[in-house]
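Residues per chain, in single letters:
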Amino acid sequence: MKEFGDYGELSSAENPFEGFTGATAAFTGEFFAKIRNVTDPDSRMLIMLESINHFYGASWTGTIDVDLSLGIWTPAYWYDPVNGFMGETLFHKYEYSKDFNRWVEAINNTGRLFTLDVSKIEEDFPVEYAHYRRMEADEVYAVPFDGARKGFLIVRNPTMNKESRKLLEFLVYLVSGELYKLWLLSRVHHSLKPMDVEEDNDLIISIFGDMAIQTKYGVIDVPAFGTTKIGRVIAYLALEKNHRASPATLARAICDGDPASNELIDSAKKVRQYIYHFKIDHGAVFGDNQLIILVNGEYMLNPYYNLKTDFARFDDLREKLRRLTDINTKINVLKSIVKLYRGIILNDTTDNEKFSDKVNDYHKRYIDCLMELCVLLKKKGDYDTIFSYTNRALSLEWSDHRIYRWNLLALHRTDNHSTGRKVARMAKRHLTEDAYKKMKKDLFSMNGNEIKLLFECS
């Protein structure tokens, strides 16, 4: 296979300052001056991409997220001088790496600049060439990045400062670092967005997946917070109808399995300590108030707060769904429901007697809503959206044959058979033999024997 150098250039790893000029130095100084005092990650990303785009006189500058396991690429953040930040783009919502095989190889050269002259690839890579024509690309600069996020920083159709293109090898570290911050923040902000703080006494607690707490003063989103003792105490109080419980009851919420009596007694005594240390560590988020107070020997969430939770919102939307008849409205409500669900309660409460019933109930309701959404989307012929929602679902539940069935049907209907075969192999690994056979039988009945090609190598 020909390398990138046959169609453009792969930069040398030996001289990191190759091509640096006075214009490069001036740009770098201005670049840091612009972002120095900006703390909002979205604003910082806009400034970075807009500045890079302006420096190179490009038609588009942005980042592409890459999922190599499923062969899917999607634009993450971008800027172009016509449509602005995150405006209309010529990229599809999903691009497939089967059409860009050389780029898959290129991503392993993290931090190395690639330049591509599109006019040189038409004969050898007609499919890839057709995609570039669709995206109106004549020349491309790209630098891969790795870490929590994997992808490319891309500059399309540069017209200026081409001698300074190697500067992108430096800028990619700043841009990918900002992407990582945005990824961390999205775990909280995306899930809480439907219930943003509106009043001074609003308290938002999210317990699906990783736990998060939000007040007007800020957000608590500590990794594995929900699996700590105090995380479980707060979650249990939020789930309780009157938001109060005795130390002995909370001890049961803290301990998994069938704890010995002395362990329960010890845990009940320590509840006060957990609450105290939580106040010391996170009291600023609650201003002059306390999250948990002691009343008549029981702990309770402070009634000062107007409590909003993701699971209550989930229940409200399901109740609203029962009264709807319009298919488009139902689809929108179902989308909202499945987006709220980010995983089982606290990610780690399946074996706890105080949480297990709730864990199983909400997980089942989530799957039921997802299945209903897929049925309605199929009626609309919207297989891209079916794929998007079932693909996310497979990160939360990998043992339900119905999710694989809908995911594979969507991939088949969108002619993405390469990724489909990967998903089919994944299904075979994770499903029981009976469930796997059931999935295939259902698929064949829904789409005929032609879908069998997804299982040729599985």
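Scroll up to find the structure this text is about.
Throughout this document, residue positions are counted from 1 along each chain, in the order its sequence is written. Whole-chain, interface and lining totals are the exception, using all residues; otherwise, since this is a predicted model, local features are given only for residues with pLDDT of at least 70 and side-chain atom pairs are given and counted only at 80 or more. In computing side-chain properties, one takes all heavy atoms of the structure into account and sets aside hydrogens as well as water.

### Considerations on the overall build of the chain
What counts, and what does not: By the criteria applied, helices consist of DSSP H or I runs no shorter than four residues and strands consist of E runs no shorter than two, each listed in order from the N terminus. Whether a residue is buried, partly exposed or exposed follows from its accessible area with a 1.4 Å probe, protein chains only, as a fraction of its type maximum: under 20%, in between, or over 50%, in that order. Here a residue-residue contact requires only that any non-hydrogen atoms of the pair lie within 4.5 Å. For accessible areas, the Shrake-Rupley method is used with a probe of radius 1.4 Å. Any residue's cover is judged against the shown protein chains and nothing else.
When you go through the chain residue by residue, the secondary structure sums to 15 helices and 15 strands. Classification of the 458 residues of the chain by burial places 48% in the buried group. Taking as baseline every contact in the chain between residues at least 6 positions apart, the subset at least 24 positions apart corresponds to 65%. Accessible area of the chain: about 21900 Å², with a carbon and sulfur share of 49%.

### So, the sheet that holds strand S10 (residues 212-215)
The condition is simple: In this description, strands pair whenever DSSP reports at least two bridges between them. In this analysis, axes come from line fits to C-alpha atoms, helices being fitted only over the stretch in contact, and the angle between any two N-to-C directions falls in the range 0 to 180 degrees.
An order of S11-S10-S9-S15 is seen for the four strands of this open sheet, with the pairing classed as mixed. With one partner strand each, in any of the chains shown, strand S11 (218-220) and strand S15 (306-309) form the two edges of the open sheet. Across the sheet, the axes of successive neighbouring strands diverge by a mean angle of 20°, strand direction being ignored. Sheet analysis places S10 next to S11, joined by three bridges and oriented antiparallel. By the bridge assignment, Ile-213 is partnered in S11 with Ile-220. Packing against the sheet, helix H9 (residues 310-322) makes contact with strand S9 (202-206) and S15, and its axis sits at approximately 70° to S15.

### Some points on the nonpolar core
Rules: Buried Ala, Val, Leu, Ile, Met, Phe, Trp, Tyr and Cys residues that are joined via side-chain atoms within 4.5 Å together make up what is termed a nonpolar core.
Among the nonpolar cores identified, the biggest contains 84 residues, and Ile-213, Ile-234 and Ile-292 are the most heavily contacted of them. Element by element, the count of residues in this core is highest for helix H11 (residues 356-380), at eleven residues.

### Notes on empty space enclosed by the protein
Rules: The way it works is a 1 Å grid over only the protein atoms, where trapped points that fit a 1.4 Å probe form a cavity and open points with protein on both sides within 12 Å along at least five of seven lines form a pocket, and then any residue with an atom within 4 Å of a point lines it. Grid points are joined across faces, edges and corners, and a volume is the space filled by probe spheres set on the points. Each residue receives one of three labels: charged for Asp, Glu, Lys and Arg, nonpolar for Ala, Val, Leu, Ile, Met, Phe, Trp, Tyr, Cys and Pro, and polar for the others, Gly being one of them.
The final tally for this structure, using the stated rule, is one cavity of 30 Å³ or more. Put simply, the largest cavity is a space of about 180 Å³. Lining the largest cavity we find Ile-64, Trp-73, Phe-91, Glu-95, Phe-100, Trp-103, Tyr-132, Met-135, Ala-137, Val-140, Ile-154 and Arg-156. Class assignment for the residues of the lining of the largest cavity results in ten nonpolar, no polar and two charged.

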